Amino acid sequence: ISTATTVSGSHGIDIQCVEHYHDHSGLVRALADRIETVKSRFPTPLDVPVIFTAHSLPERILEWGDPYPDQLQRTCELVASAASIDRWRFAFQSASHTSERWLGPDVLEVLRELRQAGVREIIVSPLGFVADHLEVLYDIDVEARQTAEGLGMRLERAPSLNDGLDFLSVLADVAGEALASFQVRERV
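Residues numbered from 1 in each chain as written. Predicted model: local features only at pLDDT ≥ 70, side-chain atom pairs only at ≥ 80, totals over all residues. Heavy atoms only, no water.

Draft legend 1. Region of interest: the overall build of the protein chain. Helix and strand content of the protein chain: six helices and six strands. Starting at the N terminus and ending at the C terminus, the protein chain contains elements arranged as β-β-α-β-α-β-α-β-α-α-β-α. The C-alpha extent of the protein chain, read off along each of the three principal axes, is 60 × 40 × 25 Å. A total of 188 residues make up the protein chain; the buried ones form 39% of that total. Of the contacts made within the protein chain by residues no fewer than 6 positions apart, 72% connect residues no fewer than 24 positions apart. Taken as a whole, the protein chain presents about 10200 Å² of accessible surface, with 53% of it coming from carbon and sulfur. Across the protein chain, 17 positive and 29 negative side-chain charges occur, with their mean positions spaced 6 Å apart. (Helix = DSSP H or I, 4+ residues; strand = E, 2+ residues; numbered from the N terminus. Buried < 20%, exposed > 50% of the residue type's maximum accessible area, 1.4 Å probe, protein only. Contact = heavy atoms within 4.5 Å. Areas by Shrake-Rupley, 256 points an atom, 1.4 Å probe, with all protein chains shown as cover. Lys, Arg positive; Asp, Glu negative; His and termini not counted. Charge placed at Lys NZ, Arg CZ, Asp CG, Glu CD.)

This is the structure in C-alpha cells:
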C-alpha cells in the first residue's frame, strides 16, 4: 500500500520516509465519506459531478517521470468508485505565477467547461490537500466559489481530512508499516 525508504541523516540518525500512500484503502474511504456528506446537501445527489483537485506543479516534473499525476489519477478513480461517483473531473489548482508552464487544467477552467456543458451544481473535493489552509480556504472557498456563482453554478466543497480520526488512523497505519519495514532491515 505504501513504500518507504531509509535515509541516513548527517548526525548518524536514520530517517524512514514514506514515499506514498495515495491508494491506501483508509484514505480512499475517508475522502469518499466526506464527498458523500456533501452530496446529501443536493436534491438529486447522484446527478452532481465532482471536481477532484490537487496542487499544480511545474510541467518539468513530467520530464523527471514524477509519479504525482498518475498517483492523483489513481486516487481519483478509487475515491469515485468508493463514493459511487459516475461524473467527475480532475483539475489542478494553486499554480504559482511564474514564467514556466504548470500542470493543468486549472479548476477555474474546468468550472467554465462544465457550465458550458450545462452543469449547474458541482462538488469540489481537494483530495490533494490534507488540511484546510490558504490554498483550500481561498482558492476553493473564495475564488472558485465566486467563479461558480458568476457562472450561475452552485459549488459545495467536501471537507478536508484535517484531524479526523479516520485520517489519523491512516497516518498511524502508514507510519507503522514504515517502522516495521525499518525494524526488519535493522535486524538483518
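Draft legend 2. Geometry of the sheet that holds strand β4 (residues 88-93). Across the sheet, four strands lie side by side as β4-β3-β5-β6; this open sheet has parallel pairing. Where the open sheet ends on each side, the last strands, each with one partner, are β4 and β6 (154-157). Direction aside, the axes of adjacent strands within the sheet are offset by 30° on average. For strand β5 (residues 121-125) and β6, the ladder comprises four bridges, and the chain directions are parallel. Its bridge partner being in β6, valine 124 is matched across the sheet by arginine 157. Packing against the sheet, helix α3 (residues 107-116) makes contact with β3 (50-55), β4, β5 and β6, and its axis sits at approximately 145° to β4. Helix α5 (residues 139-150) contacts β3, β4, β5 and β6 of the sheet and is inclined by roughly 165° relative to β6. (Pairing = 2+ DSSP bridges. Axes fitted to C-alpha atoms, helices over the stretch in contact; angles between N-to-C directions.)

Draft legend 3. Summary view of unusual backbone geometry. Along the chain, glycine 104 connects to proline 105 via a cis peptide bond; the corresponding omega equals 10°. Checked against the element boundaries, proline 105 lands in the loop between β4 and α3. Phi at serine 84 takes a positive value of approximately 55°, unusual for a residue other than glycine. Although it is not a glycine, serine 94 adopts a positive phi angle of roughly 65°. With respect to the secondary-structure elements, serine 94 resides in the loop between β4 and α3.

Draft legend 4. The arrangement of the side chain of serine 56 in detail. Tracing the backbone shows serine 56 in the loop between β3 and α2 (68-82). Side-chain polar atoms of serine 56 contact the backbone oxygen of leucine 103, separated by 2.8 Å. For serine 56, the contacting residues outside a window of four places in its chain are Phe92, Gln93, Ala95, Trp102 and Leu103. (Polar contact = N/O pair within 3.5 Å; in protein donor to acceptor, adjacent residues only side chain to side chain.)

Draft legend 5. Looking closely at the pattern of salt bridges. Taken as a whole, this structure holds twelve salt bridges when the rule is applied. In this structure, arginine 74 and glutamate 77 form a salt bridge, with 3.7 Å as the shortest nitrogen-oxygen distance. Taken as a pair, arginine 74 and glutamate 77 lie in helix α2 at a separation of three residues, close to a single helical turn. We note a salt bridge from arginine 157 to aspartate 141, for which the minimum N-O separation is 2.6 Å. With arginine 157 in strand β6 and aspartate 141 in helix α5, the pair connects residues that are 16 residues apart, well separated along the chain. Taken together, the shared-partner salt bridges in this structure form one network comprising Arg41, Glu121, Arg154 and Glu156. (Salt bridge = Lys/Arg side-chain N within 4 Å of Asp/Glu carboxyl O.)

Draft legend 6. Structural detail: the nonpolar core. In terms of nonpolar packing, the biggest core is built from 30 residues, with Ile35, Phe52, Leu72, Val79, Ile85 and Phe90 touching the most fellow members. Counting residues per element, the ones that place at least two in this core are α1 (25-39), β3, α2, β4 and α6 (165-187). Ile51, Val119, Val124 and Ala144 belong to the second-largest nonpolar core, a separate cluster that totals 15 residues. (Core = buried A, V, L, I, M, F, W, Y, C linked by side-chain atoms within 4.5 Å.)

Draft legend 7. Local environment of the packing of α1 against α2. Two elements in contact, α1 and α2, have axes whose closest approach is 9 Å; the angle formed by their N-to-C orientations is 55°. Relative to α2, α1 is oriented oblique. Classified by chirality, the crossing of α2 by α1 is right-handed. Packed against α1, whose contacting residues are Val28, Arg29, Leu31, Ala32, Ile35 and Glu36, the element α2 presents Thr75, Leu78, Val79 and Ala82 at the interface. Each residue belonging to the contact of α1 with α2 can be placed in one class, and the counts come to seven nonpolar, one polar and two charged. (Parallel < 35°, antiparallel > 145°, perpendicular 65-115°, else oblique. Left-handed = near helix turned anticlockwise from the far one by under 90°. Nonpolar A, V, L, I, M, F, W, Y, C, P; charged D, E, K, R; others polar.)

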